[in-house]
Amino acid sequence: MIHWMVYASFAIVLWGVNGLFMKLGTNRISARSMVIWVTAGFVVLLPFMWMTTTLSGLSAAIIFVGLIAGAVNGLGNWAVFACLERGAKASVAIPLTALYPLCTVALATAFLKERPTALQWLGIALAVAAGAMLSYEPAPATSPEVQVHCVQ
Amino acid sequence: MQTDRWHFPVWLWYALLCIFWWGLWGFLSKIGSAAASPLQMQILFTLGMLPVALGMLLQMRGRLDRNRGGVTYGLLCGVATGLGTLGYYAALQEQNASVVTPLTGVFPVLTVVLAFVVLRERLNKVQMGGMLLALASIVILSI
């Protein structure tokens, strides 16, 4: 039997490498094209998943929620590709967007009336600080020539 | 040459938008997973992504980029994410989510290392500190 750590490591490696593929892809094609090709990559796996399970027994409401979740996931994919396309470093954009559970916790607090634990409050505070620090990018300095030109 | 003056880069708007969309995805997944198995949810996610991809294709008037390298990386992104998710679900079958989720949440470290080696990206000291805080936060929020 394969140890669960092997599966977890498999996920870490594939998701980690994926961050690099995202940047290499957006260096070559547009964010919208990336969304289409990434979706095609997901579709490739669909028959294998369908061999092990079906959607029978699920209520229409749950199917609807799952489909909407997929759609917003697709929009999130577009946003991260657009972010990389507009010059974000992969080493900044990937850790920054991985902070999305912050938004999930906020939504669960607002709509499911869940109360964050003390530890989760610490996680939220760290996420806010991390977001601010990761997005710190000093402004390019104006060259002396341009400054002189502006004065004139 | 750079100054210490901070500015709001354009890409940051998209990163925040991504956090919102993926955060909403996490919220809806939480609701859906009460009745559906992770694999069933993954099938629904894939089907739900199709209209978005179709919308993008229509917006581009069918002029899809066909750069061979870009297409390969795009397809690899989809397959790698999907397979990684299946690996994550397989780990969940044998271990608690409170152990597996924080552990797999450290995947950005690998991206940062690969970006350092392959893309020669360099983080400034503030961003480096931010990455460490982000990792701690991801682990804590995943518990």
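Residues numbered from 1 in each chain as written. Chains lettered and ligands numbered in written order. Predicted model: local features only at pLDDT ≥ 70, side-chain atom pairs only at ≥ 80, totals over all residues.

(A) View of the overall build of chain B. When you go through chain B residue by residue, the secondary structure sums to six helices and one strand. Secondary structure of chain B in N-to-C order comes out as β-α-α-α-α-α-α. The globule rule puts the C-alpha radius of gyration for 143 residues at 15 Å, and the 18 Å found for chain B is more than 25% above it. Seen through its principal axes, chain B has C-alpha atoms that stretch 55 × 45 × 25 Å. Counting over 143 residues, chain B shows a buried share of 48%. (Helix = DSSP H or I, 4+ residues; strand = E, 2+ residues; numbered from the N terminus. Rg over C-alpha atoms; globule rule 2.2 N^0.38 Å. Buried ≥ 20, exposed ≤ 12 C-beta atoms within 10 Å, placed from the backbone.)

(B) Spatial organisation of the interface of chain A and chain B. Chain A puts 101 residues into the contact, and the matching count from chain B is 105 residues. Counting residues per element, the side of chain A that touches chain B draws most heavily on helix H1 (residues 4-26) of chain A, at 19 residues. Looking at side-chain class alone, the side of chain A that touches chain B contains 72 nonpolar, 23 polar and six charged residues. (Contact = placed C-beta atoms within 7 Å. Nonpolar A, V, L, I, M, F, W, Y, C, P; charged D, E, K, R; others polar.)

(C) Representation of the environment of Cys103(A). Relative to the helices and strands, Cys103(A) resides in helix H5 (residues 101-111). Residues Cys103(A) and Ile124(A), spaced 21 residues apart in sequence, show a C-alpha to C-alpha distance of 9.4 Å. Here Cys103(A) is in contact with Ile19(B), Phe20(B), Gly23(B) and Leu24(B), once residues within four sequence places are set aside.

(D) Representation of the packing of H1(A) against helix H3 (residues 68-92) of chain B. Axis separation between H1(A) and H3(B) bottoms out at 8 Å; the angle between their running directions is 160 degrees. When the axes of H1(A) and H3(B) are compared, the pair comes out roughly antiparallel. Like other packed secondary-structure pairs, H1(A) and H3(B) cross with a definite hand, here left-handed. Within the contact of H1(A) with H3(B), the residues separate by chemical class into 19 nonpolar, seven polar and no charged. (Axes fitted to C-alpha atoms, helices over the stretch in contact; angles between N-to-C directions. Parallel < 35°, antiparallel > 145°, perpendicular 65-115°, else oblique. Left-handed = near helix turned anticlockwise from the far one by under 90°.)

(E) Representation of the nonpolar core. Grouped together as the largest cluster of nonpolar side chains are 93 residues, with contacts concentrated most on Val35(A), Cys83(A), Ala93(A), Leu99(A), Ala15(B) and Ala134(B). The greatest single-element share of this core, amounting to 13 residues, is contributed by helix H3 (residues 60-85) of chain A. Once you skip the residues sitting within four places of it in the chain, Cys83(A) turns out to touch Ala88(A), Ala93(A), Trp11(B), Tyr14(B), Ala15(B) and Cys18(B). (Core = buried A, V, L, I, M, F, W, Y, C linked by C-beta atoms within 7 Å.)

(F) Up close: the confidence of the model for chain A. Considering every residue of chain A, the mean pLDDT works out to 89; 91% of them sit at 70 or more. Per-element confidence in chain A is highest for H3(A), whose mean pLDDT is 97, and lowest for helix H7 (residues 144-151) of chain A, whose mean pLDDT is 44. (pLDDT = per-residue confidence, 0-100.)

(G) Layout of the packing of H1(A) against helix H4 (residues 97-104) of chain B. Their axes nearest at 9 Å, the elements H1(A) and H4(B) cross at an angle of 30 degrees. Both H1(A) and H4(B) take part in a crossing whose hand is right-handed. Across the interface between the two elements, Trp4(A), Ala8(A), Ala11(A) and Ile12(A) of H1(A) pack against Val100(B), Leu103(B) and Thr104(B) of H4(B). Considering only residue class, the contact of H1(A) with H4(B) consists of six nonpolar, one polar and no charged.

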